[in-house]
Structure formats: structure tokens, C-alpha cells
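Reading the structure
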Amino acid sequence: MSLYDDAVLVLKGYEDQEELRQAYLDHLAAHPDSMWKACEAGHITASALVIDPEHGRVLLTLHRKLRMWLQMGGHCEPQDASLAAAALREAAEESGIAGLTLLPGGPVRLDRHPIPAPCHWHFDVQYAVLAPAGSVQQISEESLDLRWFAYDEVADVADASVVRLLEATRARL
């Protein structure tokens, strides 16, 4: 199955955010290249919130370009077999943590946000991943910093989209 076909199946099976989910499906139908960064009308991205429920905390990255505290994530790559695999790959690459596992149940949220030209939109499919006990993070080239935040600290450092992702993840837990 292609990554495009996986995205369509994942989104058709996603039961929340109906209007936004339909906008993602419409975008995919109108832009067969929308899985790739080269699609200037906007493209699908995959991200993952790294969570340590045992200690009530999440790992956020201070994004090098945006200078914002965000979950791990980014563009899909040709080797990604699925959106979930892309999110897991991004989380491992950007956190430096081996042994991350996806929270069961598929995507936690969708978040469409504008980005600078030449592209116009990221259609982000957001997952959550569980950090194994004793995880040690390592800053990647894409980050200025990488830090664990208690659940109640996230709203003080991150934007509303990260707060909503954390809330949805905690509800799923």
C-alpha cells in the first residue's frame, strides 16, 4: 500500500474533527502529490507528542526555524510505510530516544496550520508516542533545545495546538 493510500484510509477511519478530517480528504483527492513537501498547495505532515505518563510530562522541542516549543514531527519521506511510521520516525529522530512506541488507536488529533511560501499549509496528522522508562533525549540538528515539561507547564511555553494535542492525548490515556 502506498503512503497516499494509507493516509486516505487513516483519515477515513478517524472519527473526530469531522469538518477538518473532510478538508484533509478533499485536499488529498485534489492533490495526488500532497504527501510530499513539493506540493505547494499544502502537504500532509506527521507529528508525535512524546509522553511519559509515569512522570506526568511531555518532551517538546524548541524548533530551530520557528523558535517555538512543539511536538516532534515533520515531512513524510519516501521510505515511510505509513503516517504512523512517519510520526514515529520523526519522534525518534528529533528526540534521540530509542524504543518509542505509538499510543494505540491511531491519530490523536489533526491540526492544519499555515506556513510560509512557497507552500501554504501543513495538514498535520498528530500521534502520541510513549517514552520508555529511563529515556534520555538528545538534541537533533532541527532543535535549539529539547526539554521535558510537566503537563501543567505546557500551556505556559507552547501554543494552543500543542495544548490541544496534550489534552487529547491525556484523554486517550
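So, here's what we can say about the structure. (Residues numbered from 1 in each chain as written. Predicted model: local features only at pLDDT ≥ 70, side-chain atom pairs only at ≥ 80, totals over all residues. Heavy atoms only, no water.)

What about the overall build of the protein?
Going by this rule: We count a stretch as a helix when DSSP gives it H or I for four or more residues in a row; a strand needs E for two or more, and each element gets its number in order from the N terminus. When we talk radius of gyration, it's over C-alpha atoms, and the globule rule is simply 2.2 Å times the number of residues to the 0.38. Accessibility here uses a 1.4 Å probe with only protein chains present; expressed as a share of the type maximum, an area under 20% marks a residue as buried, one over 50% as exposed, and anything in between as partly exposed. Here, residues are in contact when the closest pair of their heavy atoms is within 4.5 Å. We count Lys and Arg on the positive side and Asp and Glu on the negative side, and we leave His and both chain ends out. Here the site of a charge means NZ on Lys, CZ on Arg, CG on Asp, or CD on Glu.
Counting secondary structure elements, the protein contains five helices and eight strands. Mapped from its N terminus to its C terminus, the protein presents α and β elements in the order α-α-β-β-β-β-α-β-β-β-β-α-α. Taking 16 Å as the expected radius of gyration for a compact globule of 173 residues, we find that the protein reaches 15 Å, a close match to that expectation. Projected onto its principal axes, the C-alpha coordinates of the protein cover approximately 45 × 30 × 30 Å. Classification of the 173 residues of the protein by burial places 48% in the buried group. Taking the intrachain contacts of the protein between residues at least 6 apart in sequence as the baseline, contacts between residues at least 24 apart amount to 67%. Counting 14 positive and 26 negative side-chain charges, the protein places the centres of these two groups 3 Å from one another.

Points about the pattern of salt bridges
Pairing between side chains of opposite charge can happen when their charged atoms approach one another. Our working rule: We define a salt bridge as a side-chain nitrogen of Lys or Arg found within 4 Å of a carboxyl oxygen belonging to Asp or Glu.
In total, this model carries seven salt bridges according to the counting rule given. As a salt-bridge pair, E90 and R89 come within 3.1 Å of each other at their nearest N and O atoms. Of the two residues examined, E90 and R89, each falls in the buried class. Through salt bridges with shared partners, a single ionic network connects D80, R89, E90 and E93.

Overview of the packing of aromatic side chains
The relative placement of two aromatic rings is captured by the distance of their centres and the angle of their planes. Threshold: Aromatic pairing here means that ring centres of Phe, Tyr or Trp (its six-membered ring) are within 6.5 Å. Orientation follows from the plane angle: under 30 degrees is stacked, over 60 is edge-to-face, and everything else is tilted. Criterion for a charge above a ring: Lys NZ or Arg CZ within 6 Å of the ring centre, and within 35 degrees of the ring normal.
A complete count under the given rule lists two aromatic pairs for this structure. Between Y24 and F123, the ring centres sit 5.2 Å apart and the planes meet at 85°, which makes this aromatic pair edge-to-face. In this pair, Y24 is assigned in helix α2 (residues 18–30) and F123 in strand β7 (residues 121–130), connecting sequence segments 99 residues apart. Both residues of the pair, Y24 and F123, count as buried. The cationic tip of R57 hangs over the ring face of W148; the distance from NZ or CZ to the ring centre is 4.1 Å. Sitting over the face of the ring of W121, R112 holds its NZ or CZ atom 5.1 Å from the ring centroid.

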